[in-house]
Amino acid sequence: TLEVTAMDLRSTDPKVCPVDQADAAGDHRGILIVKLRCGQELRLRAIARKGIGKDHAKWSPAATVTFMYEPDICINEELMETLTLEEKQSWVESSPTKVFDIDPVTQQVTIVDLEAYTYDDEVIKKAEAMGKPGLVEINAKEDSFVFTVETTGAITAYELIMNAITILRQKLDAIRLQDDDGDLAELDAHLVGG
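Residues numbered from 1 in each chain as written. Predicted model: local features only at pLDDT ≥ 70, side-chain atom pairs only at ≥ 80, totals over all residues. Heavy atoms only, no water.

S.K.: Explain the overall build of the chain to me, and be specific about the residues and the numbers.
M.R.: Along the chain, the regular secondary structure elements total 6 helices and 6 strands. In the chain, the succession of α and β elements from N to C terminus is β-α-β-β-α-α-β-β-α-β-α-α. Within the chain, the fraction of its 194 residues that count as buried is 19%. Taken as a whole, the chain presents about 14,500 Å² of accessible surface, with 52% of it coming from carbon and sulfur. (Helix = DSSP H or I, 4+ residues; strand = E, 2+ residues; numbered from the N terminus. Buried < 20%, exposed > 50% of the residue type's maximum accessible area, 1.4 Å probe, protein only. Areas by Shrake-Rupley, 256 points an atom, 1.4 Å probe, with all protein chains shown as cover.)

Below, the structure is given as structure tokens:
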């Protein structure tokens, strides 16, 4: 089979080329269009249009964007010390994601990946089932977020975020210019880093 990708497209206008061709590196073959078997051929006429995701999702470079409040996890060390090593291990393993671990030297429960917590409350339920309510307290920090951004590959996640920040600043500047009463002085201080 022959894989036909965006790299195989040829434009009649030399200034127009697929994004993959503009920044091709190494043996990157581009976006797959079709797989052809022996004796098959493909002729097509393609029309390229530039647009933005606001107009239609097909132009959005974002594939998946999620956010969650950053968790604030407080382990009650005094209560944790009343557990045996086996109980600690059982409690650590009750978390479906690897948030906690046991330090092999001190045998204390530690937080190894704060961002892996998914607000499932499994460790809280496990502590209650063990007769140790209050073993851990988990709250959402309402002023701190964990963002996850995946793109379609048209641009990098970093470029997507930086473009979004630029657009947001432009919109906030436009609002600030319309602010006759000076109510946005506090917002202005945050934007300039004050």
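S.K.: Tell me about the pattern of salt bridges, residues and numbers included.
M.R.: Side-chain pairs of opposite charge can arise whenever the charged atoms involved come near each other. If you walk through the whole model with that rule in mind, you get 7 salt bridges. Here Glu3 makes a salt bridge to Lys35, at a shortest N to O gap of 3.9 Å. With a gap of 32 residues between them, Glu3 in strand E1 (residues 2-5) and Lys35 in strand E2 (residues 32-36) connect regions that are remote in the sequence. Its salt-bridge partner being Arg176, residue Asp173 comes within 2.1 Å of it at the nearest N-O pair. Here Asp173 pairs with Arg176, and both are found in helix H5 (residues 157-178), just 3 residues apart, close to one helical turn. When its relative accessible area of 31% is taken as the criterion, Asp173 is described as partly exposed. On the basis of relative accessible area, Arg176 is assigned to the partly exposed category, the value being 28%. (Salt bridge = Lys/Arg side-chain N within 4 Å of Asp/Glu carboxyl O.)

S.K.: Could you give an account of the side chain of Glu70, naming the residues involved and the relevant values?
M.R.: Considering the arrangement of structural elements, one finds Glu70 in strand E3 (residues 62-75). Dropping the residues within four chain positions of it, Glu70 is found in contact with Leu114, Tyr119, Asn139, Ala140, Lys141, Ser144, Phe145 and Val146. (Contact = heavy atoms within 4.5 Å.)

S.K.: Could you give an account of helix H3 (residues 85-93), with specific residues and numbers?
M.R.: In an α-helix, one full turn covers 3.6 residues, which means residues spaced three or four apart are oriented alike. Looking at H3, one finds that the buried residues are Lys88, Trp91 and Val92. Considered in projection along H3, the buried side chains sweep an arc of 100° and stay on one side of the axis. Facing away from the buried surface of H3 by more than 90 degrees, the exposed residues are Glu86 and Glu93. Its buried side turned inward, H3 meets helix H2 (77-80), strand E4 (100-102), strand E5 (109-111), helix H4 (122-129) and strand E6 (136-151). (Arc of directions from axis to C-beta.)

S.K.: Can you break down the nonpolar core residue by residue, with the values?
M.R.: In globular proteins that are soluble, nonpolar side chains generally tend to be buried together. In this structure, Ile73, Met80, Trp91, Phe100, Val109, Val123 and Val136 are the most contacted members of the largest nonpolar core, which totals 17 residues. Secondary-structure elements contributing two or more residues to this core are E3, H3, E4, H4 and E6. Leave out the neighbours within four places in its chain, and Ile73 touches Val99, Phe100, Ile111, Leu114, Tyr117, Val136, Glu137 and Ile138. (Core = buried A, V, L, I, M, F, W, Y, C linked by side-chain atoms within 4.5 Å.)

Fair warning: the whole summary comes from geometry, so function is off the table for now.
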